[in-house]
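Inside the fold
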Amino acid sequence: MSSILRTLEFLTLGLWLGSDVFLSFVVAPGAFRVLGSRDAAGAMVGFALGRMHLLGVICGVVFLLARLARTRTFASFVVPVALCVVLMIALTVASQVGVSPRMAMLRVQMGSIQATAQDSPLLAEFSRLHRVSVTLESGVLLAGFAAMFLLVREAGVGS
């Protein structure tokens, strides 16, 4: 049973990291390159980001539950790998609950990001929130890479 639970830890972390990398380096750039307008591309990326956030939180919770079932102790939540996953969940929830809704509201107020004047305060706030969103996603990715490294080291894979 321990091997199945350890596999579930690797699977959930790998799925979360893979989806984040795929969205950041394939879907988002591709949407802006292929779709006819920045507004359509932004809407598509926003939709995908929301789904990825949901998947990430589910993966994080399953990771922590599998870890608890495998170790049978809450102390396993205060080791670095688990703290990285908790950080990933917190950053993801902050982005989904705190940043994404405000960006969506600004999109509605502007009507079209593409047609909004460059000196618009709404566009300036949207750009600021976009930077915050990218920073949060980067934090999730870095914490995820750290968690994967620590999980591999903890499992003694390759030694």
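Structure shown above.
Residues numbered from 1 in each chain as written. Predicted model: local features only at pLDDT ≥ 70, side-chain atom pairs only at ≥ 80, totals over all residues. Heavy atoms only, no water.

Examining the overall build of the protein
Helix and strand counts for the protein stand at four helices and zero strands. Beginning at the N terminus, the succession of helices and strands in the protein can be written as α-α-α-α. Reported as C-alpha extents along the three principal axes, the dimensions of the protein are approximately 55 × 30 × 20 Å. Counting all 159 residues of the protein, 38% fall into the buried class. (Helix = DSSP H or I, 4+ residues; strand = E, 2+ residues; numbered from the N terminus. Buried < 20%, exposed > 50% of the residue type's maximum accessible area, 1.4 Å probe, protein only.)

Overview of the pattern of salt bridges
Taken as a whole and judged by the stated rule, the model has seven salt bridges. A salt bridge links R67 to E9, with the shortest nitrogen-to-oxygen separation between them at 2.8 Å. Pair noted here: R67 is in helix α2 (residues 38–71) and E9 is in helix α1 (residues 2–34), with a separation of 58 residues, a long-range link. In this structure, the salt-bridge partner of E154 is R70, at a minimum N-O distance of 3.6 Å. With E154 in helix α4 (residues 121–155) and R70 in helix α2, this pair connects stretches of sequence that are 84 residues apart. For E154, a relative accessible area of 35% translates into the label partly exposed. Accessibility expressed as a relative area gives 18% for R70, which makes it buried. (Salt bridge = Lys/Arg side-chain N within 4 Å of Asp/Glu carboxyl O.)

So, the packing of aromatic side chains
The full count for this structure, using the stated rule, is one aromatic pair. Seen in terms of ring centroids, F74 and F77 are 5.8 Å apart; in terms of plane orientation they differ by 70°. Their pairing is edge-to-face. Given a relative accessible area of 60%, F74 falls into the exposed group. Its relative accessible area of 23% is what places F77 among the partly exposed residues. (Phe/Tyr/Trp six-rings, centres within 6.5 Å; stacked < 30°, edge-to-face > 60°.)

Here's the deal with the packing of α1 against α4
One way to put it is that α1 packs onto α4 with a least axis distance of 10 Å and a crossing angle of 150°. Between α1 and α4, the angle is such that the two are roughly antiparallel. In this structure, the crossing between α1 and α4 has a hand that is left-handed. Two secondary-structure elements touch here, α1 through R6, E9, F10, L13, G14, W16, L17, D20, V21 and F25 and α4 through E137, V140, L141, G144, F145, A147, M148, L151, V152, E154 and A155. Taken together, the residues of the contact of α1 with α4 break down into 14 nonpolar, two polar and five charged. (Axes fitted to C-alpha atoms, helices over the stretch in contact; angles between N-to-C directions. Parallel < 35°, antiparallel > 145°, perpendicular 65-115°, else oblique. Left-handed = near helix turned anticlockwise from the far one by under 90°. Contact = heavy atoms within 4.5 Å. Nonpolar A, V, L, I, M, F, W, Y, C, P; charged D, E, K, R; others polar.)

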